[in-house]
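Results of the structural survey
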Amino acid sequence: MATDPDTPEPLVRADGVDLRIGRTQILSHVDMTVGRGEIVTLVGPNGAGKSSLVRVILGLLKPSGGEVWRQPGLRVGYLPQTLSIDPVLPITVRRLLALAGPGAADKTQAVLAEVGAEELADRPLQELSGGEFQRVMLGRALLRNPDLLVLDEPLRGIDLGGQLALYDLIGRLRRSRGIGVLMVSHDLHIVMAATDRVICLNQHVCCSGAPEAVSRSPEYAALFGPAAARRLAVYAHQHDHAHDLHGHVVENSKAAGGRA
Amino acid sequence: MIDDFLVRALVAGVGVAVVAAPLGCFVVWRRMAYFGATLAHSALLGVALGLVLGFDLTLGVAVSSVAVTLIVVLFQRQRLIGSDTLLGILAHSGLAIGLVTLSFLHGVRVDLMAYLFGDVLAVTMGDIAWIYGGGALVLATLAVIWRPLLALTIHEELARAEGVPALRVQIAFMLTLAVTVAIAMKVVGVLLIISLLIIPAAAVRGVSRTPEQMAILAAAAGGLSVIAGLFASLRWDTPSGPSIVVAATVLFTLGLAVGAVRQARA
């Protein structure tokens with residue numbers, strides 16, 4: 001595993017993970033790792049087991065077979081899918097963040113600035129929009145100084161501009177703090193442009209690798225249909241070759257190498 | 001000069017209300033009112049056990065409440081019987097078994113109404129010792145589990161992913177609830193205990209911005225309900241326990257109105 005000098009220090013690793021609930025096979029023989037400073041995205045159709053895999057990796061579900069290894073002392077920041085907090089509980093943004101962990105109260109304002117949500121500090125949590133809520137929850141996760149950030153469908157209910165801003169933010173945090181990021185999405189093309197490695201999941205790992213390579217693979221086309229694959233390829237092309245008007249081909253690994 | 005029995009009633013009642021209210025906030029936030037009602041109803045079984053076996057009734061209620069709590073936790077693992085059904089069975093079988101057991105006690109004259117609706121004007125110094133001793137234990141436990149319990153209440157899965165020991169914290173909370181029911185029985189009776197937990201908490205929701213604020217305001221609302229209810233009971237010669245609950249309900253209505261006015265201005 002650690003023989004390749006380019007491989008980042010692993011934070012979590014799943015080895016041959018199987019998951020059955022009742023008689024239903026949810027995951028079969030899934031291998032994956034997330035390393036420090038790396039953005040890994042899980043894509044797959046509805047019901048492919050993406051959230052289940054995340055929950056196995058977080059230790060919320062016990063795998064029926066295989067093993068999950070977490071770096072000892074690993075600190076995890078988690079953004080679950082749910083976008084709401086029950087209004088029966090009164091709580092402001094500031095109070096929620098102060099409860100994130102020891103010493104969190106002093107760093108609240110700084111972290112809100114980092115996620116661009118300073119003006120939200122005294123608002124009740126239940127009054128925030130979807131995008132605002134995600135930023136606040138991301139800030140809360142950062143207050144815990146995570147080594148690994150896990151985001152389950154972070155784009156639900158956020159408009160396109162908000163989605164791009166959130167990805168931009170996650171990319172910057174990865175660089176400034178060197179944290180590993182594991183994301184789940186079924187929203188394909190934006191994800192692909194902002195990620196180092198894509199894992200295509202449909203109960204098992206269909207294909208994985210750099211976004212460009214995955215989008216060209218036949219397994220990917222089979223899973224999402226040729227139209228989706230084409231749209232994705234076009235998007236990646238535009239992104240990588242924006243200045244290349246003379247037809248010079250820039251290799252994807254160089255073009256996308258944001259973390260050298 | 002105010003009579004001794006009234007002073008004792010005030011001291012006991014305010015003590016119970018101040019302990020019950022912060023716990024009641026969690027009952028409200030976690031939507032556990034029916035669990036509280038189950039503890040309260042089955043408390044009569046504890047009373048019967050205490051009388052039959054000849055030990056302190058508060059202790060008897062504490063034991064039966066802890067037993068009910070453990071049964072509920074154990075049954076959470078199975079899915080064939082819904083939790084509301086299970087709570088309904090425990091609540092009413094506990095009450096029924098308690099009543100049947102009490103009917104066998106020919107030698108003992110049991111004032112059933114005192115257990116069902118409370119008799120705060122008859123509290124003794126021993127009862128007050130139970131209330132303040134047990135209450136201090138409850139509040140100390142709540143202070144220790146406050147943060148993890150709040151994290152679990154805000155988002156259980158998130159809290160578990162961050163390493164909060166969910167089962168231990170939940171059991172600790174349910175046990176403090178069981179102790180609270182035991183010490184509150186004397187003041188409002190088993191049928192009305194839940195009202196001291198949930199009504200003050202619900203009354204101040206509209207005027208609270210943080211969980212801590214709501215807990216403190218709820219304690220104040222609970223204490224005020226006890227004082228108002230007791231004086232009303234004395235003034236108009238009404239039963240003390242129900243009078244306290246009526247006072248709390250009046251506060252709840254006021255709280256709703258204030259909350260609505262605030263909302264309209266915001």
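Please refer to the structure placed before this passage.
Procedures and definitions
In this numbering scheme, every chain counts its residues from 1 along its sequence in written order. The naming scheme follows written order: chains are lettered A onward, ligands numbered 1 onward. With pLDDT at 70 or above as the cut-off, local features in this predicted model cover only qualifying residues; side-chain atom pairs require 80 or more to be listed or tallied, and sums for whole chains, interfaces and linings still use all residues. By the criteria applied, helices consist of DSSP H or I runs no shorter than four residues and strands consist of E runs no shorter than two, each listed in order from the N terminus. Put simply, a residue is buried when 20 or more other C-beta atoms lie within 10 Å of its own C-beta and exposed when 12 or fewer do; between those, it is partly exposed, and each C-beta is set from the backbone. We take the radius of gyration over the C-alpha atoms and set the globule estimate at 2.2 Å times the residue count to the 0.38 power. Two strands qualify as a pair provided DSSP detects at least 2 bridges between them. In this analysis an axis means a line fitted to C-alpha atoms, helices contributing only their contacting stretch, and an angle means the value between N-to-C directions, from 0 to 180 degrees. By definition, residues are in contact whenever their C-beta atoms, placed on the basis of the backbone, come within 7 Å of each other. For this scheme, ten residues count as nonpolar: Ala, Val, Leu, Ile, Met, Phe, Trp, Tyr, Cys and Pro. Four count as charged, namely Asp, Glu, Lys and Arg, and the remainder, Gly too, count as polar. Joining buried Ala, Val, Leu, Ile, Met, Phe, Trp, Tyr and Cys residues through C-beta atoms within 7 Å gives a set, and that set is a nonpolar core. The labels follow the angle: roughly parallel below 35 degrees, roughly antiparallel above 145, roughly perpendicular from 65 to 115, and oblique for the rest. Here is the rule for handedness: rotate from the far helix to the near one, and if that takes an anticlockwise turn smaller than a right angle the crossing is left-handed, while a clockwise turn gives right-handed. Under the convention used throughout, the expected extent of a helix is 1.5 Å for every residue step, that is, one less than its residue count.

Observations regarding the overall build of chain A
A tally of regular secondary structure across chain A gives 10 helices and 9 strands. Within chain A, the proportion of its 260 residues that are buried is 40%.

Re the overall build of chain B
When helices and strands are tallied, chain B shows 11 helices and 0 strands. Along chain B, from the amino end to the carboxyl end, the secondary structure elements read α-α-α-α-α-α-α-α-α-α-α. For chain B, whose C-alpha radius of gyration is 18 Å, the value lies close to the compact-globule estimate of 18 Å for 266 residues. Taken over the C-alpha atoms alone, chain B extends approximately 55 × 50 × 30 Å along its principal axes. Going through the 266 residues of chain B one by one, you find that 48% of them count as buried.

A closer look at unusual backbone geometry
Phi at Arg31 of chain B is positive, roughly 55°, even though this residue is not glycine. Phi at Asp237 of chain B takes a positive value of approximately 55°, unusual for a residue other than glycine.

Concerning the sheet that holds strand S8 (residues 197-202) of chain A
All names here are of chain A. Judged by pairing direction, the sheet is mixed, and its 6 strands sit side by side in the order S5-S6-S7-S3-S8-S9 without closing on themselves. If you trace the sheet from one side to the other, it starts and ends with strand S5 (76-79) and strand S9 (204-209), each paired once. Along the sheet, successive strands turn relative to each other by an average axial angle of 15°, direction set aside. Direction of pairing for S8 relative to S9: antiparallel, over a ladder of 5 bridges.

Structural notes on the interface of chain B and chain A
Taken together, the contact between chain B and chain A spans 19 residues of the former and 16 residues of the latter. The set of elements that each furnish at least two residues to the side of chain B that touches chain A consists of helix H1 (4-29), helix H6 (125-154), helix H7 (156-161) and helix H10 (211-236) of chain B. In terms of residue class, the side of chain B that touches chain A is made up of 9 nonpolar, 4 polar and 6 charged.

Considerations on the pairing of S8 of chain A
Residues and elements named next belong to chain A. With 4 bridges connecting them, strand S3 (residues 39-43) and S8 associate as parallel partners. By the bridge assignment for S8, Thr41 is matched with Val198. Between S8 and S9, which follow one another and run antiparallel, lie 1 residue, and Gln203 among them has a positive phi close to 75°.

Quick notes on the nonpolar core
In summary, soluble globular proteins display a tendency toward joint burial of nonpolar side chains. Val150 of chain A together with Val16, Val181, Ala184, Ile193 and Ala218 of chain B are the most contacted members of the largest nonpolar core, which totals 152 residues. At 14 residues, H1 of chain B tops the list of elements feeding residues into this core. Setting aside its immediate chain neighbours within four residues, Ile193 of chain B contacts Ala40, Val181, Ala184, Met185 and Val188 of chain B.

Let's talk about the sheet that holds strand S4 (residues 65-70) of chain A
Pairing between sheet strands relies on hydrogen bonds along the backbone, with the strands arranged either parallel or antiparallel. Residue and element names in this part refer to chain A. Taken in spatial order, the 3 strands line up as S2-S1-S4 in an open sheet, and their pairing is antiparallel. Two strands close off the open sheet at either side, each with one partner strand: strand S2 (24-35) and S4. The average undirected angle you get between the axes of adjacent strands in this sheet is 15°. Direction of pairing for strand S1 (residues 10-21) relative to S4: antiparallel, over a ladder of 5 bridges. Of the residues in S4, the one forming a bridge with Ala14 is Val68. Strands in contact with helix H1 (residues 50-57) are S1, S2 and S4; relative to S1, the strand with the most contacts, it is inclined by about 120°.

Thoughts on the pairing of S3 of chain A
Residue and element names in this part refer to chain A. For S3, a buried count of 4 out of 5 residues is recorded, marking the element as mostly surrounded by other parts of the structure. Of the pairings in the sheet, the one linking S3 to strand S7 (residues 180-185) comprises 5 bridges and is parallel in character. Directly across from Ile39, in S7, lies its bridge partner Val181.

Some points on H1 of chain A
Of all 8 residues making up H1 of chain A, 7 are buried, and the element is well covered by its neighbours. Positive phi shows up at Gly59 of chain A, right after H1 of chain A, with a value of about 85°.

A look at the packing of helix H2 (residues 33-53) of chain B against helix H9 (residues 193-203) of chain B
All names here are of chain B. It is at 8 Å that the axes of H2 and H9 come closest, and there the two elements cross at 155°. With respect to their mutual orientation, H2 and H9 come out roughly antiparallel. Handedness of the H2/H9 crossing: right-handed. Facing H2, whose interface residues are Ala33, Gly36, Ala37 and Ala40, H9 presents Ile193, Ile194, Leu197 and Ile198. The residue inventory of the contact of H2 with H9, partitioned by class, reads 7 nonpolar, 1 polar and no charged.

Description of H10 of chain B
For H10 of chain B, which comprises 26 residues, the first-to-last C-alpha distance of 37 Å matches the rise-based estimate of 38 Å (1.5 Å per residue) to within 8%. One or two residues past the end of H10 of chain B sits Asp237 of chain B, with phi positive at roughly 55°.

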